Amino acid sequence: MIAYNKILLSNMLIVKKAKQWFSRDLISGAQMASVLSKYPIEYFKPNIFIKVGLFLFTLFLIGAALGLFSLMSMGILVNNDSFEGYSIFVSIIFGGACVFFLEKFIQWRNWYSNGIDDALLYSALSFIFSAIAFSISNDLNDEDGFLLMCFIYLPFLMVAAARYIDRVVTIFMIACMYCIFFSLIMKIGNAAKFIMPFAFMGLSAAFYFIVKKQMTLSSRTHYNGCFKVIKAISLIVFYVSGNYYVIRESSVEFFNLDLMEGQDIPMALIFYAFTAFVPLLYLFFGLRAKDKLMVWVALLLIAVSALTFKYYFSLGHPEVSLTLAGIVMIVLAYASIKYLITDKKGITFKDDPNEDNFLKTNAEALVIAQSFGTHAQPTDTGVEMGGGEFGGGGSGNKF
């Protein structure tokens with residue numbers, strides 16, 4: 001199912017882990033060199049700046065090709081007077097071309113996330129979705145148009161995410177699932193306002209535990225990047241589903257809840273407690289399980305919770321509030337650094353040994369290690385005059 005070379009992907013994981021071990025002095029330079037020679041990574045993966053440049057350049061080429069094709073075929077649009085039909089035709093042609101070149105370049109060049117393949121993938125999906133949108137444009141005005149469009153888009157996003165293990169596509173896939181779920185619940189009627197928050201919590205919890213289970217399977221190792229994205233989104237959506245601000249404003253926007261001044265939403269205390277304590281629970285369980293992703297999400301949501309309560313309960317002096325908040329954060333940060341400077345049950349302020357900080361700290365050692373596996377090359381010192389033989393040009397007493 002995966003378009004990329006699985007051996008190449010496995011070699012990437014092995015080399016990455018070997019770099020982590022080498023940075024911790026768990027393996028020698030010779031062993032590192034042996035890993036690099038036995039598990040080669042034969043693909044083009046530039047740094048982020050070149051990747052962005054290649055991405056933009058590829059989009060420019062696709063746009064130029066689209067403009068040139070449109071100019072050459074503009075007569076079809078003028079003669080047939082069918083903008084929708086022409087747009088569908090062009091979208092299908094260019095979507096298919098992008099998929100074709102994406103597949104061929106992956107096979108021929110072993111491309112993997114170098115900017116060009118990303119641009120081809122996103123362009124292909126954009127053209128395909130445009131063709132679908134033009135095809136059902138007459139139905140989009142209907143109340144079910146949005147739901148229909150999401151249902152049609154979802155299979156394409158699922159296939160693309162599974163085949164190209166792309167995180168951006170994974171984000172849109174999960175967003176599409178949530179949109180479908182939201183639209184279906186809205187069809188229930190007035191009961192939707194009561195079950196919507198808890199339904200989203202249930203769906204997010206299901207996503208989280210399914211993905212957590214999949215991440216433990218060795219056969220799903222190559223999808224761990226996509227799984228982390230789903231995991232983070234499910235944690236965020238679970239919290240947002242019970243956030244007081246979201247509940248209050250969505251009740252007014254979607255369910256026409258009319259609140260008088262000083263009036264609160266039903267079950268307000270429950271949502272206040274949810275807003276305050278869920279990020280703290282995330283932080284607790286994240287630290288307990290040594291789950292860095294959950295810890296980062298928890299820290300983000302703690303800030304969101306503070307902003308939520310600040311929005312509804314203001315002291316009236318923003319400068320005082322910000323100053324006090326800054327002082328509290330500095331004190332907590334300093335106390336945490338002092339406390340975690342030594343390992344506390346596996347949690348420490350020190351650098352994470354599993355992070356890929358290899359080039360930062362061991363660049364010179366890597367160069368030395370890589371040189372172990374290369375053959376010495378003769379040094380060209382120029383023309384050497386011999387001692388009288390033919391190659392010496394007669395400098396001695398013989399030619």
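Residues numbered from 1 in each chain as written. Predicted model: local features only at pLDDT ≥ 70, side-chain atom pairs only at ≥ 80, totals over all residues. Heavy atoms only, no water.

Caption draft 1: Region of interest: the packing of aromatic side chains. Inspection of every chain in the model, using the stated rule, returns 22 aromatic pairs. Ring centres of Phe-238 and Phe-274 lie 5.8 Å apart, and the angle between their planes is 45 degrees; this geometry places the pair in the tilted category. Of this pair, Phe-238 sits in helix α10 (residues 224–242) while Phe-274 sits in helix α12 (residues 268–289), and the two are 36 residues apart along the sequence. Residue class for Phe-274 comes out buried when judged on its relative accessible area of 13%. With 5.2 Å between their ring centres and 75 degrees between their planes, Phe-284 and Phe-285 make a pair best called edge-to-face. Each residue in the set Tyr-178, Phe-181, Phe-182, Phe-200 and Phe-207 is aromatic and connected to the rest through ring pairs, giving one cluster. (Phe/Tyr/Trp six-rings, centres within 6.5 Å; stacked < 30°, edge-to-face > 60°. Helix = DSSP H or I, 4+ residues; strand = E, 2+ residues; numbered from the N terminus. Buried < 20%, exposed > 50% of the residue type's maximum accessible area, 1.4 Å probe, protein only.)

Caption draft 2: Representation of the pattern of salt bridges. Within this structure, the stated rule accounts for three salt bridges. When the shortest N-O distance is used, the salt bridge between Arg-163 and Glu-103 registers 2.8 Å. Within this pair, whereas Arg-163 is found in helix α7 (residues 145–164), its partner Glu-103 is found in helix α5 (residues 83–109), the two being separated by 60 residues in sequence. Notably, a salt bridge pairs Asp-291 with Lys-231, separated by 2.5 Å at the nearest N-O pair. Taken together, the residues span a long stretch of sequence, with Asp-291 in the loop between α12 and α13 (292–312) and Lys-231 in helix α10 at a distance of 60 residues. We note that Asp-291, like Lys-231, is buried. (Salt bridge = Lys/Arg side-chain N within 4 Å of Asp/Glu carboxyl O.)

Caption draft 3: Region of interest: helix α8 (residues 167–186). For α8, which comprises 20 residues, the first-to-last C-alpha distance of 29 Å matches the rise-based estimate of 28 Å (1.5 Å per residue) to within 8%. Of all the positions in α8, only Val-169, Thr-170, Met-173, Ile-174, Cys-176, Tyr-178, Ile-180, Ser-183 and Ile-185 are classed as buried. Of the surrounding elements, those touching the buried residues of α8 are α6 (116–135), α7, α9 (192–214) and α10. For α8, the N-terminal cap is Asp-166; the gap from its side-chain oxygen to the backbone nitrogen of Val-168 is 3.0 Å. (Expected span 1.5 Å × (residues − 1). Contact = heavy atoms within 4.5 Å. Polar contact = N/O pair within 3.5 Å; in protein donor to acceptor, adjacent residues only side chain to side chain.)

Caption draft 4: Spotlight on the environment of Gly-115. Among the secondary structure elements, Gly-115 is positioned in the loop between α5 and α6. Considering only alpha carbons, one finds Gly-115 and Phe-57, 58 residues apart in sequence, at a separation of 9.1 Å. When neighbours within four sequence positions are excluded, Gly-115 is seen to be in contact with Lys-51, Leu-54 and Phe-55.

Caption draft 5: A look at the environment of Tyr-43. Residue placement: Tyr-43 occurs in the loop between α2 (29–38) and α3 (48–72). In this structure Tyr-43 comes out as buried when scored by relative accessible area, which is 19%. Discounting residues that sit within four places of it in the chain, Tyr-43 has contacts with Leu-8, Met-12, Asn-110 and Tyr-112.

Caption draft 6: Expanded view of a nonpolar patch on the surface. A grouping of Ile-48, Phe-49, Val-52, Leu-56 and Leu-59 is seen on the molecular surface, where their side chains present a nonpolar patch of about 510 Å² in accessible area. Mapping Ile-48 onto the fold places it in helix α3. (Patch = residues over 30% accessible without salt bridge, like charges linked within 9 Å, V, L, I, M, F, W, Y side chains within 5 Å. Areas by Shrake-Rupley, 256 points an atom, 1.4 Å probe, with all protein chains shown as cover.)

Caption draft 7: Representation of the nonpolar core in the model. Counting residues in each nonpolar core, the largest one holds 56 residues, and the members touching the most others are Tyr-4, Tyr-164, Ile-165 and Tyr-178. Taken together, the elements giving at least two residues each to this core come down to α1 (6–23), α5, α6, α7, α8, α9 and α10. With nine residues, α7 is the single largest residue contributor to this core. In contact with Tyr-178, not counting residues within four places along its chain, are Phe-200, Leu-203, Ser-204, Phe-207, Ile-233, Ser-234 and Val-237. In terms of nonpolar packing, the next biggest core, distinct from the first, is built from 12 residues, Ala-232, Phe-274, Met-294 and Val-297 among them. (Core = buried A, V, L, I, M, F, W, Y, C linked by side-chain atoms within 4.5 Å.)

Caption draft 8: Layout of unusual backbone geometry. Backbone geometry places Ile-165, a non-glycine residue, at a positive phi of 40 degrees. In this structure, Ile-165 sits in the loop between α7 and α8. A relative accessible area of 10% places Ile-165 in the buried class. Despite not being glycine, Lys-290 has its phi angle at roughly 55 degrees, a positive value. For Lys-290, the location among the structural elements is in the loop between α12 and α13. The exposure class assigned to Lys-290 is exposed, which follows from its relative accessible area of 52%.

Caption draft 9: Looking closely at the confidence of the model for the protein. When the pLDDT values of the protein are averaged, the result is 79; 79% of them are 70 or greater. Here helix α15 (residues 358–371) stands out as the element of the protein with the lowest mean pLDDT, 46, in contrast to α10, whose mean of 93 is the highest. In this model residues 388–393 is a low-confidence stretch, pLDDT under 50, and it forms 12 contacts with partners more than four residues away in sequence or in other chains. (pLDDT = per-residue confidence, 0-100.)

Caption draft 10: Main features of the state of the cysteines. Tallying each qualifying case throughout the model produces zero disulfides. Unpaired in this structure, Cys-176 has its nearest cysteine sulfur neighbour in Cys-150, at a distance of 4.4 Å. The exposure class assigned to Cys-176 is buried, which follows from its relative accessible area of 6%. Unpaired in this structure, Cys-179 has its nearest cysteine sulfur neighbour in Cys-150, at a distance of 4.9 Å. For Cys-179, a relative accessible area of 28% corresponds to the partly exposed category. (Disulfide = S-S within 2.5 Å.)

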